[in-house]
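Reading the structure
If you want the building blocks of each chain, they are given just below.
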Amino acid sequence: MKRRAAAIAAFLGVAVALAAALGPARADGPSVYGVWLTEEQSAHVEIWSCAAQGRGPVCGRVVKLIDPTGPDDKPVAPEQAVDFRNPDPALRSRKTLGMVFLYDFKPTSDPNAFEEGTVYSADDGKTYRANLALQPDGTLRLRGYVGIPLFGRSETWTRVR
């Protein structure tokens, strides 16, 4: 009986040590959360957990614009850029900086992949379904689509911080 208790104690000790060793590594490991440079290098996007707002496990918002233009295709200051292509006239004057344009994703079995979300494209004023996944090389892949992911377009973003 003593031998069995000692074996169980030893096993638990190893399990606790292993969990302690793996716990921080997982918490500090790669994640979709952070700030990303878009493929066109036109903006920095912050991906954060928006579960508290009821919009899914991840959302994305514009935190920096690089060389934005206005409706006349002339340069504008980033803080003056607006969503002028929005089909809703009431939203055409909303600021692009701070705009949430990724939301309502569903988690997958992979903690760094999300599916069936929504992405709003200020480039054309349309809303698409989207999948989001951290890639093995550390980049982030966003796939926007209509209907099924087969009919869509992917972008690869690189981490800023």
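Residues numbered from 1 in each chain as written. Predicted model: local features only at pLDDT ≥ 70, side-chain atom pairs only at ≥ 80, totals over all residues. Heavy atoms only, no water.

1. A short note on the packing of aromatic side chains
We count it as follows: Each pair of aromatic rings taken from Phe, Tyr and Trp, with Trp reduced to its six-membered ring, is defined by centres within 6.5 Å and is described as stacked if the planes are under 30 degrees apart, edge-to-face if over 60, and tilted in the remaining cases. Here, a charge over a ring means that NZ of Lys or CZ of Arg falls within 6 Å of the ring centre while also lying within 35 degrees of the ring normal.
The final tally for this structure, using the stated rule, is zero aromatic pairs. Taking NZ or CZ as reference, R61 lies 3.7 Å from the ring centre of W48, over its face. Positioned over the ring face of Y120 is R94, at 5.3 Å from the centre of the ring.

2. Brief notes about the state of the cysteines
What counts, and what does not: In plain terms, two cysteine sulfur atoms within 2.5 Å form what is called a disulfide here. Burial classes follow relative accessibility: with a 1.4 Å probe on protein chains only, a residue under 20% of its type's maximum area counts as buried, one over 50% as exposed, and anything between as partly exposed.
Under the counting rule described, the total for this entry stands at one disulfide. In this model, C50 is linked to C59 through a disulfide, with the two sulfur atoms separated by 2.0 Å. The S-S bond linking C50 to C59 shows a torsion near 75 degrees; that makes this disulfide right-handed. The buried category is assigned to C59, whose relative accessible area is 2%.

3. Regarding the nonpolar core
Applied cut-off: Side-chain atoms within 4.5 Å link the members of a nonpolar core, which is a set of buried Ala, Val, Leu, Ile, Met, Phe, Trp, Tyr and Cys residues. Strands are runs of DSSP state E lasting at least two residues, helices are runs of H or I lasting at least four, and both sets are numbered from the N terminus onward. In this analysis, two residues are considered to be in contact whenever any of their non-hydrogen atoms come within 4.5 Å of each other.
Core analysis: the largest hydrophobic core is formed by 22 residues, its most contacted members being I47, F101, L102 and W157. Secondary structure elements with two or more residues in this core: β2 (43-48), β3 (59-65), β4 (100-103), β6 (113-121), β7 (126-134) and β8 (140-145). Look past the residues within four positions of L102 in its chain and what remains in contact with it is I47, V58, C59, G60, T118, V119, L142 and W157.

4. Topic: the confidence of the model for the protein
As a reminder of what qualifies: Along the chain, pLDDT gives the predictor's confidence residue by residue, from 0 to 100.
The pLDDT averaged across the protein works out to 85; a share of 83% of its residues lies at or above 70. This model gives residues 1-27 a pLDDT under 50, and the stretch forms two contacts once residues within four places in sequence are excluded.

5. A look at the pairing of β4
On any regular strand, side chains alternate: one points to one face of the sheet, the next to the other face. So the rule is basically this: At least two bridges found by DSSP between two strands is the condition for calling them paired.
Summarising the sheet, β3 and β4 pair through two bridges and their orientation is antiparallel. Bridge pairing in β4 places R61 opposite V100. Where β4 and β6 come together, two bridges link them in antiparallel fashion. Bridge pairing in β6 places L102 opposite V119.

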